[in-house]
Amino acid sequence: MPASSVPRPGSVPLPRRRTVLAGATAVAAAATVLPSAGTAAAARRPAKTQPHRWRTAAIGGTGFVTGLLFHPSVRGLAYARTDIGGAYRWDDRRARWTPLNDGTGWDDWNLLGVEAMAVDPTHPDRLYLALGTYAQEWASPGAVLRSEDRGATWTRTDLTVRLGANEDGRGCGERLLVDPRDSGTLWLGTRHDGLLRSTDRGASWAADSAFPAAPKASGQGVTLLVAAGRTVYAGWGDGGTALFRTDGAGGWEAVPGQPAPDTSAKVPVRAAYDGKSRALYVTYADGPGPNNQTDGSVHRLDTVTGTWTDVTPVAPGAGDAFGYGGVAVAATRPGTVVVSTNNRWGAVDTLFRSTDGGANWTSLKDTAVLDVSETPYLKWGGEPKFGWWIQAVAVDPYDSRHIVYGTGATVFGTRDLVHWAPEIRGLEETSVRQLIAPTSGARLLSGLGDIGVMRHDSLTASPSRGMATNPVFGTATGLALATLKPSYVVRTGWPSGSQSAGAYSEDGGASWQPFASQPEIAPSAPGPVAVSADGATLLWSFVHWDGTKYPAHRSTDGGATWAEVPTFPKGGAPVADPLDSRRFYVYDTDTGTVFLSSDNGATFTAGAAGLPSGDVQFRIAAAPGRSGDLWLSAKDNGLLRSTDGGRTFDPVAGCQASHALGFGKAAPARGGKGYPAVFQTGRVSATYDGVAVLRSDDAGATWVRINDEDHQWGWTGEVITGDPRVHGRVYLGTNGRGIQYADPK
């Protein structure tokens, strides 16, 4: 999911080459028993907590589903993994996915990416997950979770190696396997540290020194592990011999006769074993994917005779370059196999299905009827696509016509090989960037990674209009509403299908028009935007994806013309005063200075200085219904407040950290007209000794925790807001688990 935020401090250097684990060094740290679905259970002092009912706003997927796995011996039991949003269990009765990792705590944010998963065919309640989003040295090491109740509760073992669930190759696999000869033995393939083995069901791990491939500090390492009868096969993605197997004597050997490791068979991506015909199918590509694949193939190994056969459905070539990705077999129909193409942008990716062991194939895309009515955003402003980034495919072991596959945005499924619809309820993977809860009209407006902006008239159904169009954006970079004219909304983002990087709406986000003009830099560096309280003035800041900052521009005619604002600090995030249309604010995170404008954003002068600096995620928020009342979230520098329009700031006592902050309706006890409820993701040790979701009904004098150990979602430092119409309701943006919202119980 390329738009995902990486919540690492700005002071952290770029990743460097890391040290390779050598020999049979122990790689498991302490094992921790988790009493709930969380991945952290550190003892903490009693918290001041108000119970809330947490739910996920419905959009439907929106991120890369990297793995799908039916349990071979339990009808209707399946699991999915994602690159940044945890794993899920399919509830067949309710036809929806249940998230399994929402208890992942703030400090464990790197464990929300699932590198691999495994089930035990002989123990249906056992589930294993290998966690670790990034393998760079600035990220924390990975962990293995094991469950005896299908993911309802977990026991955790920390590793000393890093995994890469959101890096290249994340659609390969599975890299985790229960040994077919012994349920107590597990195998874990890593990217840079070789093959690991556990003989105590994942409680401890050590490198398997018998594995012949040499680990590297970069590359893919072990790409897949699969059982074929009592033999374990391992794919290798770093060149040379690409496929190994256990030799029956405690060692490993190169699989004889395997395809030559040319571009079409360089990296083994996935493998599936047909136990009835005793055939192993392997998909290959010239890279791990999901991007940058231009060649690939599919091969079948007769595990009895050792004969290899090239069964590639269509050979990639000039004008039609792609690789192969997912592969699955039908347990009840020998010789029935499904494979996916990947990175086939011209002809569009497809699934090929064979019922004769790969001798003949049918493209399922060619006859597919897609129904995306439940998740309209999948129309992408036009017509729905069969998919892209298809590296996860599964066939129901109890119904060979029930096929599911993951894409970069959803899970499609069929039960008749013709009609396809998302099987995605409950699985929400959005990386959320902006949230606005209007005082009227839509319940919520959201700016999102990869899928632009959405208007939510309901929180329980995917937005009926889909993603905002005219123009279509990829990732949204700005979203703002005129507080005295709430029907007027503006948005900015990375263009998709056009060069337009900004748009406005005069009906609360129901329909949009692109700005009549835009600064030349806009398509290549769209940044945050602000609109004055009366909607008359726009301020647009520009930041390239590599961090380069450019001068802000101002428009007083709805985007028809733009003029540079030389006194505006480059790259800053403008904030409009909620009452005074002449006033704007911007926090210069480079110098720790707040700049102020009282002439409709034409000029800015320095206000408070000497504030925390050096992190672009420091930000200010303006309290609604008040002029000049500003709050500054400065991460571990705490929370500060100004009541004089940004000329001075004072620390909010007792708040040790503030990452994101927003406002909602005042408490009823004050007649709904007192100070707005303040929500934040932060740390107030008097309330809870850790980062939590907090609310204050007395302007920050006291705080109550409103989330709990089962509802944490890793890093939640991007955006939070309350509801101006419902006291206590909160909307929280996550980095991979969509929009979470809650009401007091």
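All values reported here derive from a predicted model rather than from experimental measurement. (Residues numbered from 1 in each chain as written. Predicted model: local features only at pLDDT ≥ 70, side-chain atom pairs only at ≥ 80, totals over all residues. Heavy atoms only, no water.)

Taken as a whole and judged by the stated rule, the model has 30 salt bridges. Measuring nitrogen to oxygen at the nearest pair gives 3.6 Å for the salt bridge that ties Asp120 to Arg126. For Arg126, a relative accessible area of 14% translates into the label buried. A salt bridge links Asp457 to Arg465, with the shortest nitrogen-to-oxygen separation between them at 2.7 Å. Overall, the relative accessible area of 41% leaves Asp457 in the partly exposed class. (Salt bridge = Lys/Arg side-chain N within 4 Å of Asp/Glu carboxyl O. Buried < 20%, exposed > 50% of the residue type's maximum accessible area, 1.4 Å probe, protein only.)

So, about the nonpolar core. Of all hydrophobic cores here, the largest spans 37 residues; its most connected members are Leu351, Tyr377, Val393, Ile403, Tyr405, Trp420 and Ile739. For this core, the secondary-structure elements that each account for two or more residues are strand E28 (392-395), strand E29 (403-406), strand E32 (432-436), strand E33 (444-448) and strand E57 (739-744). Those residues in contact with Trp420 that lie beyond four places of it in its chain are Leu351, Leu364, Ala368, Val369, Leu370, Asp371, Phe386, Ile403, Tyr405, Phe412, Gly413 and Thr414. (Core = buried A, V, L, I, M, F, W, Y, C linked by side-chain atoms within 4.5 Å. Helix = DSSP H or I, 4+ residues; strand = E, 2+ residues; numbered from the N terminus. Contact = heavy atoms within 4.5 Å.)

Next up on the list: the packing of aromatic side chains. Inspection of every chain in the model, using the stated rule, returns 26 aromatic pairs. Measuring from ring centre to ring centre gives 4.9 Å for Trp540 and Phe542, while their planes differ by 40°; the resulting arrangement is tilted. Accessibility expressed as a relative area gives 0% for Trp540, which makes it buried. Residue classification places Phe542 among the buried residues on the basis of a relative accessible area of 0%. Among the aromatic side chains, those forming a connected cluster through ring pairs are Tyr488, Tyr504, Phe515, Trp540, Phe542 and Trp562. Stacked on the ring of Trp512, the Lys or Arg Arg491 has its end atom at 4.5 Å from the ring centre. Lying over the aromatic face of Tyr688, Arg705 brings its terminal NZ or CZ to 3.9 Å of the ring centre. (Phe/Tyr/Trp six-rings, centres within 6.5 Å; stacked < 30°, edge-to-face > 60°. Lys NZ or Arg CZ within 6 Å of the ring centre and 35° of its normal.)

One open sheet holds the five strands; their spatial order is E27-E31-E30-E29-E28, and the pairing between them is mixed. A single partner strand is all that each edge strand has here, and the edge strands are strand E27 (369-370) and E28. Of the pairings in the sheet, the one linking E29 to strand E30 (residues 411-414) comprises four bridges and is antiparallel in character. In the strand pairing of E30, Val404 is matched with Gly413. (Pairing = 2+ DSSP bridges.)

Turning to empty space enclosed by the protein, a few remarks are in order. Using the criterion set out here, one finds three cavities of 30 Å³ or more in the structure. Quantified by volume, the second largest cavity comes out at close to 80 Å³. Lining the second largest cavity are Leu68, Leu69, Phe70, Ala78, Tyr79, Trp90, Trp97, His402, Val404, Val411 and Glu423. Among the secondary structure elements, those contributing two or more residues to the lining of the second largest cavity are strand E3 (65-70) and strand E4 (78-82). (1 Å grid on protein atoms, 1.4 Å probe; cavity = no way out; pocket = protein on both sides within 12 Å on 5 of 7 lines; lining within 4 Å. Points joined across faces, edges and corners; volume = space filled by probe spheres on them.)

As a further point, take the environment of Phe584. Looking at the element boundaries, Phe584 is found in strand E44 (residues 584-588). Since its relative accessible area comes to 0%, Phe584 is described here as buried. Taking C-alpha positions, Phe584 is 8.5 Å from Phe604, a pair spaced 20 residues apart along the chain.

Attention shifts here to the sheet that holds strand E48 (residues 630-633). Strands pair in a sheet through their backbones, by hydrogen bonds, and they do so in one of two ways: parallel or antiparallel. Spatial strand order, E47-E48-E49-E50: four strands in an open sheet with antiparallel pairing. Edge positions in the open sheet fall to strand E47 (619-622) and strand E50 (650-651), since each of these has one partner strand only. Here strand E49 (residues 639-642) pairs with E50 via two bridges, running antiparallel. In the sheet register, Arg641 faces E50, and the bridge partner there is Asp650.

Put simply, Gly173 and Glu174 share a cis peptide bond, and its omega is 0°. Position of Glu174 relative to the elements: it lies in the loop between strand E10 (154-159) and strand E11 (176-178). Residue Pro471 is reached from Asn470 by a cis peptide bond, and omega for that bond is 5°. Counting through the fold element by element, Pro471 comes out in the loop between strand E34 (452-456) and strand E35 (473-481). Of note, the phi angle at Arg150 is positive, near 60°, even though the residue is not glycine.

Here the focus is the confidence of the model for the chain. Averaged over every residue, the pLDDT of the chain is 93; the share at 70 or more is 93%. Long-range and interchain partners of residues 1-6, a stretch whose pLDDT sits below 50, account for 35 contacts in this model, where long-range means more than four residues apart. Scored below 50 in pLDDT, residues 8-26 shows 39 contacts in the model against residues more than four places distant or in partner chains. (pLDDT = per-residue confidence, 0-100.)

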